[in-house]
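Listed below, chain by chain, are the residues.
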Amino acid sequence: MAARRLGQSYLDYAVDPFISGVYAGDPMALPTRLALPKLYYLEQTYGSFIRGAIAKARQPKTERDRLATKQVFSARGGLQHLVNALGQAIKSEHISLGAKNVDIHPEEDHFCVQFTADNGRMQVIRCAKVVTTCGAYALPRLLPFIDEAQLTAISTLKYASIVQIGVGIARVAGPRYAAFGGLVPSRERQNVLGILFPSACFESRSPADGAVFSFFIGGVHHPKYIEMSDDRLQTIAEEALHTMLKYPTDTPIDTIRIYRHPQAIPQYELTTDARLASINTVQHQFPGLIIAGNLRDGIGMAHRIKQGTDIGTSI
């Protein structure tokens, strides 16, 4: 749709890097209505992207709209502090970490959840509601009571693998990037999908004269990258630092961290409709069971916050 409306160049240098950067996916395999729902809405409602954007800009803003800003923000000290605050609000006695051998099955008017706690003891919880937010691939083991065909439609969701390489420089002798980051079009044939500049956006991410970068590689086009050695991955990051970010070749890297995510980002391909229909059917068959997480309702953090809020207020 983007190529039809705005041309091949727009697809190659706007849509493609966005899809590669956000979904680590193939723009030709992700329908616009699923991957770019706002653009799809503009075309369907107003007949074109541009006409829709102009019409939206002219609409009167609600009080909620006026409160929203484009400012990039994070939890002070990192997102772990947000998780810690949530845990403190819930209270540790209500949270079980490191649960193993989890088994969930419905009984007459409730669910029975059994698992091995981190102390090695078997725990049993009987409850009216069960909310899952794990990856689709984990559901067959977790929900064995669901019909195999229905569960297959949900659990066969495709995920893109991602390698994140964090690079820290204590003293920068090169460009200073006052931006969130950048995305790389596939047609440029680079090893890197995108680069984020956390220290340019958030406080206390690096020394005053330093910088922190996050390089992302892999995705659906390069699934084997996750199997590369640490040395090879480090070389890719160093090359991108010099060739793409234009840092001198003698720039010392003071810290490097490599994180591999084999099943990182779900791909909302044409199977999405069948997956959502199956989820609705299963939840209707087993009242109290809620199948959530990034297998539906969007893949970003904002989507998770909204989904969690919606579920929390509904139950």
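The structure presented is a predicted model; accordingly, all values stated were derived computationally and were not measured.

J.: Give me a positive patch on the surface: which residues, what numbers.
T.: On the surface, Lys 38, Lys 56, Lys 61 and Lys 70 cluster together to form a positively charged patch. Inspection of the secondary structure puts Lys 38 in helix 4 (residues 37-46).

J.: Describe helix 9 (residues 148-155), listing the residues and the values that go with them.
T.: Helical geometry note: an α-helix holds 3.6 residues per turn, so side chains three or four residues apart project in the same direction. Within helix 9, the full set of buried residues consists of Gln 150, Leu 151, Ile 154 and Ser 155. Each buried residue of helix 9 lies within a common arc of 120 degrees when the element is viewed along its axis, so the set occupies one face. Opposite the packed face of helix 9, turned more than 90 degrees from it, sit the exposed residues Glu 148 and Ala 149. Residues of helix 9 that are buried in the fold lie against helix 8 (139-142), helix 12 (272-285) and strand 10 (289-291). For helix 9, the side-chain oxygen to backbone nitrogen distance between the N-cap and Ala 149 is 3.1 Å, and the N-cap itself is Asp 147.

J.: Can you lay out the layout of surface pockets for me, pointing to particular residues and giving the numbers?
T.: Of the voids in this model, the second largest pocket is the one considered here, and its volume is about 890 Å³. Taken together, the elements giving at least two residues each to the lining of the second largest pocket come down to helix 7 (80-90), strand 1 (100-106), strand 2 (111-116), strand 3 (122-127) and strand 4 (130-132). Considering only residue class, the lining of the second largest pocket consists of 18 nonpolar, 7 polar and 1 charged.

J.: Can you break down the sheet that holds strand 2 residue by residue, with the values?
T.: The antiparallel open sheet is built from 3 strands, whose spatial order is 1-2-3. What marks the edges here is a single partner per strand, and that holds for strand 1 and strand 3. Sheet twist, expressed as the mean angle between neighbouring strand axes with direction ignored, is 15 degrees. Inspection of the sheet shows strand 1 paired to strand 2 by 5 bridges, in the antiparallel sense. Bridging from a neighbouring strand, Asp 103 pairs with Gln 114 of strand 2.

J.: For the packing of aromatic side chains, give the residues involved together with the corresponding values.
T.: Within this structure, the stated rule accounts for 8 aromatic pairs. Arranged with centres 5.1 Å apart and planes meeting at 35 degrees, the rings of Tyr 177 and Phe 197 form a pair that is tilted. Here Tyr 177 is found in the loop between strand 5 (159-169) and strand 6 (181-183), whereas its partner Phe 197 is found in the loop between strand 7 (192-196) and helix 10 (198-201), with 20 residues between them in sequence. Between the aromatic rings of Phe 213 and Tyr 247, the centroid separation amounts to 5.7 Å while the plane-to-plane angle is 70 degrees, which identifies the pairing as edge-to-face.

J.: Give me the lowdown on the nonpolar core, citing residues and values where you can.
T.: Residues Leu 139, Leu 143, Leu 289, Ile 291 and Leu 295 are the most contacted members of the largest nonpolar core, which totals 22 residues. Sorting the residues of this core by element identifies strand 2, helix 8, helix 9, helix 12 and strand 10 as the ones contributing at least two each. Of the residues forming this core, the biggest block, 3 residues, is contributed by strand 2. Filtering out sequence-adjacent residues up to four positions away, Leu 143 remains in contact with Ile 104, Thr 132, Leu 151, Leu 289 and Ile 291. Judged by nonpolar contacts, the second largest core, of 21 residues, contains Ile 165, Phe 215, Ala 237 and Ala 240.

J.: Would you mind going over the environment of Arg 296 in detail, with residue names and values included?
T.: Summarising the element assignment, Arg 296 is placed in the loop between strand 10 and helix 13 (301-314). Taking the C-alpha atoms as reference points, Arg 296 and Leu 276, 20 residues apart in sequence, are found 7.2 Å from one another. In this structure, Arg 296 is in contact with Tyr 268, Leu 276, Ile 279, Gln 283, Ile 290, Ile 291, Arg 304, Gln 307 and Ile 311, ignoring residues within four places of it in sequence.

J.: Could you give me a rundown of the packing of helix 9 against helix 12, with the residues and numbers involved?
T.: Two elements in contact, helix 9 and helix 12, have axes whose closest approach is 8 Å; the angle formed by their N-to-C orientations is 135 degrees. One way to sum up the angle between helix 9 and helix 12 is to call them oblique. The handedness of the crossing between helix 9 and helix 12 comes out as left-handed. The segment helix 9 lies against helix 12, with Gln 150, Ala 153 and Ile 154 engaging Ala 274, Arg 275, Ser 278, Ile 279, Thr 281, Val 282 and Gln 285. Class assignment for the residues of the contact of helix 9 with helix 12 results in 5 nonpolar, 4 polar and 1 charged.

Rules of the game
- Residues numbered from 1 in each chain as written.
- Predicted model: local features only at pLDDT ≥ 70, side-chain atom pairs only at ≥ 80, totals over all residues.
- Heavy atoms only, no water.
- Patch = residues over 30% accessible without salt bridge, like charges linked within 9 Å, V, L, I, M, F, W, Y side chains within 5 Å.
- Areas by Shrake-Rupley, 256 points an atom, 1.4 Å probe, with all protein chains shown as cover.
- Salt bridge = Lys/Arg side-chain N within 4 Å of Asp/Glu carboxyl O.
- Lys, Arg positive; Asp, Glu negative; His and termini not counted.
- Charge placed at Lys NZ, Arg CZ, Asp CG, Glu CD.
- Helix = DSSP H or I, 4+ residues; strand = E, 2+ residues; numbered from the N terminus.
- Buried < 20%, exposed > 50% of the residue type's maximum accessible area, 1.4 Å probe, protein only.
- Arc of directions from axis to C-beta.
- Contact = heavy atoms within 4.5 Å.
- Polar contact = N/O pair within 3.5 Å; in protein donor to acceptor, adjacent residues only side chain to side chain.
- 1 Å grid on protein atoms, 1.4 Å probe; cavity = no way out; pocket = protein on both sides within 12 Å on 5 of 7 lines; lining within 4 Å.
- Points joined across faces, edges and corners; volume = space filled by probe spheres on them.
- Nonpolar A, V, L, I, M, F, W, Y, C, P; charged D, E, K, R; others polar.
- Pairing = 2+ DSSP bridges.
- Axes fitted to C-alpha atoms, helices over the stretch in contact; angles between N-to-C directions.
- Phe/Tyr/Trp six-rings, centres within 6.5 Å; stacked < 30°, edge-to-face > 60°.
- Core = buried A, V, L, I, M, F, W, Y, C linked by side-chain atoms within 4.5 Å.
- Parallel < 35°, antiparallel > 145°, perpendicular 65-115°, else oblique.
- Left-handed = near helix turned anticlockwise from the far one by under 90°.

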